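Each chain is listed here by its residues.
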Amino acid sequence: MGAFVFSRSTLLFAIFCICSIILFPEFVTAGLTRHYKFDIRLKNVTRLCKTKTIVTVNGKFPGPRVVAREGDRLVVKVVNHVSNNVSFHWHGIRQFRSGWADGPAYITQCPIQSGQSYVYNFTITGQRGTLWWHAHISWMRATLYGPLIIYPQHNASYPFDKPHKEVSIIFGEWWNANTEAVINQSLVTGAGPNVSDSYTINGLPGPLYNCSAKDTFKRKVRPGKTYMLRIINAALNDNLFFGIANHTMTVVEADAVYVKPFETDTILITPGQTTNVLLKTHHNPQQTTFVMVARPYFTGQGTFDNSTIAGILMYDHNLPGTTSSLSNTSIKNLPIPTLPPINSTSFVANFTKKFHSLANAKFPANVPQNVDKHFFFTVGLGSNPCPKNQTCEGPNNSSKFAASVNNVSMILPTTALLQSYFFRKSNGVYTSDFPSVPLVPFNYTGTPPNNTNISNGTKVVVLPYNTSVELVMQDTSVLGSESHPLHLHGYNFYVVGQGSGNFDPKKDPANYNLVDPVERNTIGVPYGGWVAIRFLADNPGVWFMHCHFEVHLSWGLRMAWLVLDGDLPNQKLLPPPADLPKC
């Protein structure tokens, strides 16, 4: 029998290929299986001159970057070394037939308990762009989050000029207190939770906060170059405006879907959303340092973190005999970008309407033109009665804050919905009678009703495979109108219409955009208004839909769609993995 003989050059080439895959996965041929390991560990982190112990992935805050190509398979082993239960959601991934890897606790899986592990295994199909991953249980995503970058298939190009470099910008929030204690106290008292102590950019509070000048996000750029900023809002409870002094940005992507490019000096981004922008640096700037800032867009009536996060964009001319240092840069006496007023609903409405799909041959907009099922969901706040022999600090100091969809506040079950459905053990876990319209209609954006109590239950909507769905989501004025960022798991959807006031089913559909509407996975329901979306239920499983304000999610603003299997083998949910966590 012959033997294979490897020459020295062949061996060196093999080593080079292996190193390239590990260090530069974005430059490798598509269709690979990429392995990551998430060790969930405690770590002491200091921010705002206070040190506290936080839960991290691999000791990093924010967590590590996950990189793949369209068509790749991701295998992520999560090992839980802390006392908290954890689970992870790959935000925006379609998860075709792989709902077991979607991650929301008690929806598609039971959480990963202390000392246990679970392998998330899924293939990225037909997607490329900026997404992110985060914990999906209680408020654990306060520190457990990171970018998920999907590059186009090998030899495929962007539908715009390739940028000189790419930069991830992840907005977050920081609490000096333990966030689990913050939300637990709120749920006990019924009051709104304490707000964050600062916002962060890539985990850093920046110079506008006490004792944080050294903890400032700083990015060095070259003159006359184009940079792609991959912007992610991982904040728990706040929509954010963002701008860079004396610079405009060209929006080219939203929620990992290319859009018709448009220029702006300010973007709005809700929790859960991602936005890619191209930043063209000046050829001969009059100064070398520019301030970038973000602060909230807020329309509610409660308390919120009314502060501003700042970072620094610094030009590096790289001239002979000169040096530029990021470590000693200050924003003192530098111009601060002008952002819209905190409650500027007009800017938000106009900005949102600028998003359109490319809708071309290569990137079509497959908007369902005919609708099989129509749904009308109200979203907003309400109240639950105070339990006997307990003092509550919610509405009127006599009840608890709650939130609902169609006046149903979802109670999480003690076993996962997907498991109970798949193993035909749904009795006592959930019912399939979620209302398709509000059971008690009222003037949704007018004077709120005197009775603000909501119902509680675990209900789902059942959809046959390949059902085309139109869903109108209506904000309500009960306990205050607010813009709610709604996220749908397992699907992208087309935003075919939006408006202010109450949705008019006779007049408003005539103005729908069914040609090039933007395709997203998270959309802000307008303050005192409505938004209409369409999607095709072509992915079997149980799919969570919820407000991405973590406080509203905790209060029950959530529901689930159960999409049945189709007739063909490739239209059926795959069996669960052997290591699926148990409750």
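Rules and cut-offs
Residues numbered from 1 in each chain as written. Predicted model: local features only at pLDDT ≥ 70, side-chain atom pairs only at ≥ 80, totals over all residues. Heavy atoms only, no water. UniProt positions renumbered as here; feature names shortened; annotations may be inferred. Pairing = 2+ DSSP bridges. Helix = DSSP H or I, 4+ residues; strand = E, 2+ residues; numbered from the N terminus. Axes fitted to C-alpha atoms, helices over the stretch in contact; angles between N-to-C directions. Phe/Tyr/Trp six-rings, centres within 6.5 Å; stacked < 30°, edge-to-face > 60°. Buried < 20%, exposed > 50% of the residue type's maximum accessible area, 1.4 Å probe, protein only. Lys NZ or Arg CZ within 6 Å of the ring centre and 35° of its normal.

The name an unreviewed UniProt entry gives the protein is Laccase, with Anisodus tanguticus as the organism. Under the heading Sequence similarities (unreviewed entry), UniProt records this for the protein: "Belongs to the multicopper oxidase family."

Spatial strand order, S3-S8-S7-S5: 4 strands in an open sheet with mixed pairing. Two strands in the sheet have a free side with no partner beyond their single neighbour: strand S3 (66-69) and strand S5 (88-91). Put simply, the sheet's adjacent strands are angled 20° from each other on average, direction ignored.

Within this structure, the stated rule accounts for 37 aromatic pairs. For the ring pair Phe38 and Trp90, a centre distance of 5.9 Å and an interplane angle of 45° mean the geometry is tilted. With Phe38 in strand S1 (residues 33-47) and Trp90 in strand S5, this residue pair connects regions lying 52 residues apart in the sequence. Trp90 sits in the buried class, given a relative accessible area of 0%. One aromatic cluster is present, built from ring pairs that chain together Phe38, Phe88, Trp90, Tyr118, Tyr120, Phe122 and Trp133. Positioned above the aromatic ring of Trp174 is the side chain of Lys52, whose terminal nitrogen or guanidinium carbon lies 4.8 Å from the ring centre. Positioned above the aromatic ring of Phe355 is the side chain of Arg520, whose terminal nitrogen or guanidinium carbon lies 5.2 Å from the ring centre.

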